[in-house]
Amino acid sequence: MAQAIVDYLNQKTFTPNDLSDLVHWLGGRKDLDVTDLYRHVVNVALYIKDFDYREVQPLLPRLPADDLVNIANDCLGLGISNPASLLYQEAARSRPDDVLLRNQIANTEFLCGRYNEARKHWTLVAHQRELVRNKYSGLDNRIRFLGDTWLMAIGHVATLGTFIQAMRMGLYGDIRPVLVYQRRKPPAGMEIIRLLSQFIEVHEIDGDAIEYKWRMISGGAHYDYERAVEVVIGYTEDFWYAPDLDGSISWYGPAGAAIDAAARAQGLAPVLSYSEDETRRRRILLERLYGLPRDAWFVGLHVREPGFHGNWHTAMPGTRNADIDSYEEAVDAVIQAGGYVVRLGDPSMKPFRPRPEVIDYATSDMRRPDLDVFLCAAARFVVGTNSGYSLVPSLFGVRCLLTNWSPIGTPNWITHDKLVPKRIWDREAGRYLSIEEMYRSFTGWSQFQRDFDGTQYEVHDNDPAEITAAVIEMLREVHPEAAAALKPSGKRLSPAQQKLNAFQTASSFTSIVEGNGGYVGSMLSSSFAATHPELLARMSVAPTAVANDLVTERPKKAEAAQIDRHRRTLADMAVAADSAAISLEPSADNVSLDQAIARPKELGLAPPVGMPVAALVTTDGEARAAEPGNHGETLAPPDAAKSEKAV
């Protein structure tokens, strides 16, 4: 019978209704225990358009944890996060002490937009690691290995600045942070790591990292791999979460904002700086290589494009990118004020229009990793977007203007930066959403285009005038003498009026964010708020749920569209799965599902009582009407989902 079911699935003539009935029928069988069959059914079901992935849940306990993790990894690799979370959590039932699996669940919940759920899992990860540290004696308990998650991208490396500030404030206690990386695979941001070596032990190694770390923490004790893995994991700190000021665990956004605000309140200096001699030598180098006068002031410009993270963007198209051409007017304003502009980034970016005062460093063939960092440190300020690179300036106390920011619910946590978010257009209402409306719907929390596809909501980039106004606003704050040279487009505001506007914007924005469960990181641009006063409008009804525990509402077809982009690839992978007991290739004779299920008589099996065999097959060929899908609905009851409908 198992082979007959596989043959039927391989014909790909079934409807989502057929598959749903098959899954429910198999879920009720107690006398059919064929792991390969269940693995194949789950693999097929997760990538079928218009099929609700949650229906496979009754089959999951019959699969080994390793199979569940492997299927979940495939889902996550193709940008399908909700089914991955379901599978990881089922695997954790049989592996409750697996710290890495628990950490993966937290990461996946985060990708699904369930930030509070992610926080709960990371709290458990921190607790499990503490238990490991209490379990063993004779180790160097001060050591904390900084895991590979800190080295995934330059933004992760830059976040070590927040970690250092937290250490300065005693949030980690008396620890000895150690960063280990492989010589053959140096991480991005090596210049930052070099500068941070005054706070962190940096070890470049060849060979096995687990054994190296074990030797370090144990003082050379006998090496047992299983024990060493447990110990190293227990003594590791990850990028994803950090202690809050009250000692609880939070994900990096709100934790970072609290740490940054406290560090500024305590008057702590920026984490990094270049000496006068280093600065002089690098400015001379920039002058000789690019023609940037050594005594000129300049603004850095980094506009995120999909090229650098091409594979990620293909799997999970996002809303964080922008078009460099829309910054032309703002660049002209900087030039008119007497400054230069250095375009930052990587060679995959499209070239920027050349001018004597504009240096397209990103596409230059003379880029250097140390200059990638130094340019952020030497800029008067940096105009950025939602990318990890926008965190680098803060290491040196340099402010960043974060334009085209999406999503607004997860801002950078550097509290002296400014924010110009993308706005959300509601086609049905014929207007833009307010910030509070964004916070109360998925539109303020999702960075993935898949969540907007098939809805009435559109993500709109900042226009050139909005960007230019914010750049001039920032110039007035960091270089008022230069800003004075610009001719105002409207009434010129006095410094006192500018400060008042900024205060009023900050007060209103903070009230909205905190009143809807968000965290206050980078502050909303007052010029942007003045241009769009409707953004700060308040709603008369109180929120029904904490915003960052949002259940993302989106039509089922939006989720289906994401799955449809990848289902053929994964269906082929599933069909090619290795199996000794079942051939996943079609047999010579084609069978229908009712014929397949009729074969239990030959095997001495029977369908469960109360379920006629014919009920497994629909005759109208129509798929069951799908309920509204949502990006964060895996564990949410229907009432909770309804309460979070987008405004």
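Predicted model, so just to flag it, every value in this text is computed and none were measured.

Undergrad: Help me out: how do you make sense of the sheet that holds strand β15 (residues 457-460) in this one?
TA: The strands making up a sheet associate through hydrogen bonds between their backbones, and the pairing can be parallel or antiparallel. Spatial ordering of the open sheet is given by β14-β13-β15, a layout of three strands whose pairing is antiparallel. Bordering the open sheet on either side are β14 (431-432) and β15, each of which pairs with just one other strand. As judged from the two bridges shared by strand β13 (residues 423-426) and β14, these two strands associate in the antiparallel manner. Note that in β14 the partner of Trp425 across the bridge is Tyr432.

Undergrad: For this particular structure, what's the right way to read the pairing of strand β1 (residues 143-146)?
TA: Judged by which residues are buried, β1 turns out to be covered on both faces: Ile143 and Phe145 on one side and Arg144 and Leu146 on the other are all buried. Pairing analysis gives four bridges linking β1 to strand β2 (residues 176-182), with the strands arranged parallel. Across the sheet, the residue bridging to Phe145 is Val178, located in β2. With two bridges joining them, β1 and strand β4 (residues 236-237) adopt parallel strand pairing. Counted as the bridge partner of Leu146 is Glu237 from β4.

Undergrad: Before we go on, may I ask you to explain the confidence of the model for the chain in this structure?
TA: Interpretation of the predicted coordinates at a detailed level should be avoided for regions scoring low in pLDDT. Across the chain, the average pLDDT comes to 83, with 82% of residues at or above 70. Every residue in residues 550-647 scores below 50 in pLDDT, and together they form 204 contacts with partners more than four places removed in sequence or on other chains.

Undergrad: Explanation requested: helix α2 (residues 16-27) in the structure shown.
TA: For an α-helix, 3.6 residues make a turn, and residues three or four places apart therefore share a direction. Along its 12 residues, α2 runs 16 Å from first to last C-alpha, staying within 8% of the 16 Å computed at 1.5 Å per residue. Counted residue by residue, α2 has 11 buried out of 12 residues, so it is predominantly covered. Along α2, the residues classified as buried are Pro16, Asn17, Asp18, Leu19, Ser20, Asp21, Leu22, Val23, Trp25, Leu26 and Gly27.

Undergrad: I'm lost on the sheet that holds strand β3 (residues 201-205) in this one. Help?
TA: Pairing is parallel in the open sheet, where four strands are placed in the order β3-β2-β1-β4. Edge positions in the sheet fall to β3 and β4, since each has one partner strand and no second.

Undergrad: Which parts of the structure should I look at to understand helix α14 (residues 276-290)?
TA: When the terminal C-alpha atoms of α14 are compared, their 21 Å separation across 15 residues agrees well with the 21 Å that a helix rising 1.5 Å per residue should span. Burial in α14 covers these residues: Glu278, Arg282, Arg283, Ile284, Leu286 and Tyr290. Buried residues in α14 make contact with α10 (190-196), β7 (298-301), β9 (358-359) and α17 (369-378). Of the residues flanking the end of α14, it is Gly291, one or two places downstream, whose phi is positive at about 80 degrees.

Undergrad: How should the environment of Asp417 be read in this particular structure?
TA: Along the chain, Asp417 falls in the loop between β11 (400-405) and β12 (418-421). Taking relative accessible area as the criterion, Asp417 reaches 1% and is therefore assigned buried. The sequence separation of Asp417 and Cys400 amounts to 17 residues, and the corresponding C-alpha distance is 5.1 Å. Excluding anything up to four places from it in sequence, Asp417 contacts Val398, Arg399, Cys400, Leu402, Ser522 and Met523. Of the polar contacts made by the side chain of Asp417, one reaches the backbone nitrogen of Cys400; its length is 2.9 Å.

Undergrad: Hey, could you run me through the packing of aromatic side chains in this one?
TA: Scanning the model with the defined rule gives 24 aromatic pairs in all. Seen from their ring centres, Trp122 and Trp240 are 6.5 Å apart, and the 10 degrees between their planes marks the pair as stacked. With Trp122 in helix α7 (residues 115-135) and Trp240 in the loop between β4 and β5 (241-243), the pair connects residues that are 118 residues apart, well separated along the chain. The burial state of Trp122 is the same as that of Trp240; both residues are buried. Centre to centre, the rings of Trp122 and Tyr241 are 6.5 Å apart; their planes meet at 35 degrees, and the pair counts as tilted. Here Trp122, found in helix α7, pairs with Tyr241, found in strand β5; they are 119 residues apart in sequence, far enough to count as distant. Here Trp122 matches Tyr241 in class, with each residue buried.

Undergrad: Help me understand the environment of Leu433, please; the structure alone is not making it clear to me.
TA: Note on placement: Leu433 falls in the loop between β14 and α18 (435-439). Given a relative accessible area of 0%, Leu433 falls into the buried group. Taking the C-alpha atoms as reference points, Leu433 and Glu534, separated by 101 residues in sequence, lie 8.2 Å from one another.

Undergrad: Just checking my understanding: could you explain the packing of α2 against helix α3 (residues 35-45) for this structure?
TA: Between two packed helices, the angle of one axis relative to the other and the distance separating the axes together describe the packing. Interhelical geometry of α2 versus α3 gives an angle of 150 degrees and a closest axis separation of 11 Å. Between α2 and α3, the angle is such that the two are roughly antiparallel. The two elements α2 and α3 cross, and the hand of that crossing is left-handed. Contacts between α2 and α3 involve Leu19, Val23 and Leu26 from the former and Leu37, Tyr38, Val41 and Ala45 from the latter. Partitioned by chemical class, the residues of the contact of α2 with α3 number seven nonpolar, no polar and no charged.

Undergrad: It is not clear to me how the pattern of salt bridges should be interpreted in this structure. Could you clarify?
TA: For side chains bearing opposite charge, pairing can occur when the charged atoms are close. Going through the model one piece at a time under the given rule, you end up with 46 salt bridges. Taking the shortest distance from any N to any O, the salt bridge between Arg280 and Asp277 comes out at 2.9 Å. Note that Arg280 and Asp277 are positioned in helix α14 at a spacing of three residues, about one turn of the helix. Among the residues examined, Arg280 registers a relative accessible area of 45% and is labelled partly exposed. Through salt bridges that share partners, Glu191, Arg194, Glu278, Arg282, Arg368 and Asp370 make up one connected network.

Cut-offs and rules
Residues numbered from 1 in each chain as written. Predicted model: local features only at pLDDT ≥ 70, side-chain atom pairs only at ≥ 80, totals over all residues. Heavy atoms only, no water. Pairing = 2+ DSSP bridges. Helix = DSSP H or I, 4+ residues; strand = E, 2+ residues; numbered from the N terminus. Buried < 20%, exposed > 50% of the residue type's maximum accessible area, 1.4 Å probe, protein only. pLDDT = per-residue confidence, 0-100. Contact = heavy atoms within 4.5 Å. Expected span 1.5 Å × (residues − 1). Polar contact = N/O pair within 3.5 Å; in protein donor to acceptor, adjacent residues only side chain to side chain. Phe/Tyr/Trp six-rings, centres within 6.5 Å; stacked < 30°, edge-to-face > 60°. Axes fitted to C-alpha atoms, helices over the stretch in contact; angles between N-to-C directions. Parallel < 35°, antiparallel > 145°, perpendicular 65-115°, else oblique. Left-handed = near helix turned anticlockwise from the far one by under 90°. Nonpolar A, V, L, I, M, F, W, Y, C, P; charged D, E, K, R; others polar. Salt bridge = Lys/Arg side-chain N within 4 Å of Asp/Glu carboxyl O.

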